[in-house]
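Listed below are the residues making up each chain.
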Amino acid sequence: MPSLTEQIDRALSDGKLRADAAENIRRILSGEESVFAARVIGELSQANEWEELNDRFYKTLAFGTGGLRGRTIGKIVTPSERGTPTALGRPEFPCVGTNAMNYFNVGRATRGLVIYIQKWRSGQRMEGRPKIVIAHDTRHFSQEFTRLAAKTASANGCDAVVFDDPRSTPELSFAVRYLNADAGIVITASHNPPHDNGYKVYFNDGAQVVEPHASGIIAEVNEPNGGTGSVPSQKVSDDTEVVPPKGEIIFTGDEIDRAYMERLETLILDRGLIERTRDLKIVYTPIHGTGGVIVKPMLRKIGLNFSVVPEQDQFDGRFPTVKSPNPENAEALNLGISLAQKQNADLVIATDPDCDRMGVAVRTSSGEMKLLSGNQIGSLLAWYRTKTFFDRGILNKENAGRGVIIKTFVTSDLQKAIAEKFGLRCVETLTGFKYNGAKLRKYEELTRAQNYRELSEEETRRLRLEKSSFYIFGGEESYGYSAADFVRDKDGNAAVIMFCEVAAYAKSRELTLDELLDQVFCEFGYFEERNHSVYFEGADGAEKIRRLLISYDENPPRQVSDRAVTRIQNFEKDTILDSDGDEIPKEKMLIFELAAKTRIAVRGSGTEPKIKYYLFGARLPANGKLSPEELTRAKTEIGNRLDALWGWLEKDANQRLAK
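Here is what the cut-offs are and how they apply
Residues numbered from 1 in each chain as written. Predicted model: local features only at pLDDT ≥ 70, side-chain atom pairs only at ≥ 80, totals over all residues. Heavy atoms only, no water. Salt bridge = Lys/Arg side-chain N within 4 Å of Asp/Glu carboxyl O. Helix = DSSP H or I, 4+ residues; strand = E, 2+ residues; numbered from the N terminus. Buried < 20%, exposed > 50% of the residue type's maximum accessible area, 1.4 Å probe, protein only. Pairing = 2+ DSSP bridges. Phe/Tyr/Trp six-rings, centres within 6.5 Å; stacked < 30°, edge-to-face > 60°. Lys NZ or Arg CZ within 6 Å of the ring centre and 35° of its normal. Contact = heavy atoms within 4.5 Å. Polar contact = N/O pair within 3.5 Å; in protein donor to acceptor, adjacent residues only side chain to side chain.

Overview of the pattern of salt bridges
Taken as a whole, this structure holds 55 salt bridges when the rule is applied. The salt bridge involving Lys-442 is made with Asp-582; its shortest N-O contact spans 2.7 Å. Placement of Lys-442 in helix H16 (residues 433-447) and of Asp-582 in the loop between strand E18 (563-570) and strand E19 (589-594) is noted, with a sequence separation of 140 residues between them. Owing to a relative accessible area of 27%, Lys-442 belongs among the partly exposed residues under this scheme. On the accessibility criterion, Asp-582 (27% relative accessible area) is partly exposed. Through salt bridges with shared partners, a single network forms among Arg-177, Arg-263, Glu-444, Glu-457, Arg-464, Asp-485 and Arg-488.

As structure tokens, this is what we get:
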């Protein structure tokens, strides 16, 4: 039988194996930790699974500004990887491959992060050991990756504060600030399929890393001479120390929970409203994720009447009751909707596995449960919080210019219309709450308060209104929301609490939530959005995504369907300033503006193998307000328009790829 190296050479010459995959396989086989990897590669080779090997090795999983994300369970699981499966049927070991979420990539990411932090602290003339906070969700291998990250950080001279059980991503962000840590790590792939996992990095402000730190960390992680000496083998990752620890590993949990919940409670703007609306009935589901850790005690503390979907109230990385643990998908809320129908509940709320996103279904006047879009949820939150701050006198005509709503360029312009009508500023950012976090850091620095993190919410609000910008709400169309700066990422825990208050407001006025949304549309104009994605998996898929994005850049459409393109914004090439006068970072995204308040945005996803299309249509009031009849017509006309646009775009994309 030919040796494994000979099998690789033959597959390469026969065109079964890509050259880049072969090169990465040879590098792994020559490394210190090659025995287990060789066994897995050999099993795939013997089975002629060359496509699987191409997908696993065509590149090294890129550590980007969002960290790492990829498969931790292969499409094909080899006997060696399966080992002795867990009680839930999970393979014993994560999948081998340079383009996979496994011990190799977690180890090199942590080592590179620690090295960067040490250099940064040295440049800041800071003494003592650095400190990193580490949390994980309920996904496959999340706990093992967390242990490895903590051991690697400790071995490289860094203290690691580790949550002993699953916790949400926003709580990790809060903990970085609360503990004055240098950085944070959360092991999660958010709402991705069960076979994925990821690694997100936060800097000392509690926000995901942005420049210049992002490039600095990426350079250290990708340093070719970094070696793998401090990364344990697959076999001994759970029970063998990397090297004698130089930093402490400290476990935490309840203390952070209590402090975080105290801050979350400040998000309630009208406690009396909730107390007067005891008949509001809520169904909540964490979809087998971390949400229940904080959401359930918070809802009890506030005094809301809620039930939890029992089948989805256990940690389970398989997410066995859903096709995808994504609260923007109607299917993920099916069990919650079923329970709501039995209990005649007003509202179903779902959070994703790391509880940074929230989706809802609301009872309509006809008694049906209707899923709201991320844009609609965010717009209701932005409107209610803005209105209530004015009603309570916290905002007024004199200080309204200090108030700010932050949204992404691909989020509904209804939120911009709300800001403008109330006299607030609307700041638009690129997709990703790290840009929202960067704005909050700037606004904090403008207060010049040395002890900002130690101040109460009321005290920081006063400072922001006097000296800086008061953050009212931030949202993105992909079901992420935030309304305070004690967390520097989207926060599903906060979103649940805030949306329950909006539901209580609607209930107090004998309105369903969709009726309240229609009232907002009538006042500010009708805005509708459609999001579509085209998936391209694996090595060949990555090439299709690259080609398609280049095609839009080099040969943008001059007409879409029956409408001429009146303006093109190229975020990779153009210099674009936001409303604060700050330059928008470069990104491969294009926005095509058409006539009649219609536009299209195209960008590659930062977390999944797909291209995303965003379609926007609007009808503004001609006489100050839309009548119910005008609103009905606008819904039909704009819906038909967006359907036609997507039909054209889908056909055009296929034609571009065929060239």
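Quick word on the sheet that holds E18
Ordered in space as E16-E21-E20-E19-E18-E17, the six strands form an open sheet in which the pairing is antiparallel. The open sheet has two edge strands with one neighbour each: strand E16 (526-535) and strand E17 (559-560). Of the pairings in the sheet, the one linking E16 to strand E21 (residues 610-619) comprises ten bridges and is antiparallel in character. Looking across to E21, one finds that Arg-530 is bridged to Leu-615.

Focus: the packing of aromatic side chains
With the rule as written, the count across this model stands at 19 aromatic pairs. With a centroid separation of 5.3 Å and 25° between ring planes, the pair formed by Phe-390 and Phe-422 is classed as stacked. Taken together, the residues span a long stretch of sequence, with Phe-390 in helix H14 (residues 374-391) and Phe-422 in helix H15 (residues 414-422) at a distance of 32 residues. Relative accessible area serves as the criterion here: at 22%, Phe-390 is assigned to the partly exposed category. Through a chain of ring-to-ring contacts, the aromatic side chains of Phe-174, Tyr-178, Tyr-260 and Phe-486 assemble into a single cluster. For Lys-421, the ring lying beneath its charged end belongs to Phe-524, and the centroid distance is 5.3 Å. Cation over ring: Arg-599 sits above Phe-616, and NZ or CZ is 3.9 Å from the ring centre.

What to know about the environment of Asp-356
You can see Asp-356 is positioned in the loop between strand E9 (347-351) and strand E10 (358-363). Taking relative accessible area as the criterion, Asp-356 reaches 1% and is therefore assigned buried. Sequence separation between Asp-356 and Gly-247 is 109 residues; the distance between their C-alpha atoms is 30 Å. With residues near it in sequence (within four places) discarded, Asp-356 still touches Thr-169, Pro-170, Ser-190, Lys-200, Tyr-479, Gly-480, Lys-490, Asp-491 and Gly-492. A distance of 3.4 Å separates polar atoms of two side chains, one belonging to Asp-356 and the other to Ser-190.

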